Amino acid sequence: MKVKDDSVDIWGLEICMQRVLKEADLVWKEYGEELVITSARDGIHSAGSLHYYGRAVDLRTRYFSDDDKRSVAADLADILGEDYDVVLHKSHIHVEYDPE
């Protein structure tokens, strides 16, 4: 597991996100890729984004086929359960801790 570059701020992530990174790392390895965190507490996000509260991360998917992206997102969502939202975007997978 690694961060994209020095601009990615993983400091201050809530403890609930440690599980996300651990499980995502394992899923990415199952698909033959290294997990890359592309955004955490950094960057510009929509107002109220959980990124700003340390409860969201974006994970690189550009090396996966479209089918694998969907499978990776589904696998991660199954593992994390209903307290986490796993959203497949064109360029990444967004994961946030959002219990309802």
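See above for the structure.
Residues numbered from 1 in each chain as written. Predicted model: local features only at pLDDT ≥ 70, side-chain atom pairs only at ≥ 80, totals over all residues. Heavy atoms only, no water.

Examining the overall build of the protein
Scanning the protein from terminus to terminus reveals two helices and five strands. Mapped from its N terminus to its C terminus, the protein presents α and β elements in the order β-α-β-β-α-β-β. Taking 2.2 N^0.38 as the reference for a compact globule, 100 residues should give roughly 13 Å; the C-alpha atoms of the protein span a radius of gyration of 12 Å, in line with that estimate. Principal axes of the C-alpha set define a box for the protein whose edges measure 35 × 30 × 20 Å. Here the protein, with 100 residues, has 42% of them falling under the buried criterion. In the protein, of all internal contacts separated by at least 6 residues, the share reaching a separation of at least 24 is 61%. Of the roughly 5,800 Å² that the protein leaves accessible, carbon and sulfur atoms contribute 47%. Side-chain charges of the protein comprise 12 positive and 22 negative groups, with the mean position of each set lying 5 Å from the other. (Helix = DSSP H or I, 4+ residues; strand = E, 2+ residues; numbered from the N terminus. Rg over C-alpha atoms; globule rule 2.2 N^0.38 Å. Buried < 20%, exposed > 50% of the residue type's maximum accessible area, 1.4 Å probe, protein only. Contact = heavy atoms within 4.5 Å. Areas by Shrake-Rupley, 256 points an atom, 1.4 Å probe, with all protein chains shown as cover. Lys, Arg positive; Asp, Glu negative; His and termini not counted. Charge placed at Lys NZ, Arg CZ, Asp CG, Glu CD.)

Describing the nonpolar core
Core analysis: the biggest nonpolar cluster contains 23 residues, and W28, V57, L59, L76 and V95 have the highest contact counts within it. Counting only elements with at least two residues in this core, the list comes to α1 (16-30), β3 (56-60), α2 (66-80), β4 (84-88) and β5 (92-97). In terms of residues, this core owes the most to one element, α1, which gives seven residues. (Core = buried A, V, L, I, M, F, W, Y, C linked by side-chain atoms within 4.5 Å.)

Observations concerning the environment of M1
Note that M1 resides in the segment before β1 (2-3). Through-space distance from the C-alpha of M1 to that of L59 is 10 Å; in sequence the pair is 58 residues apart.

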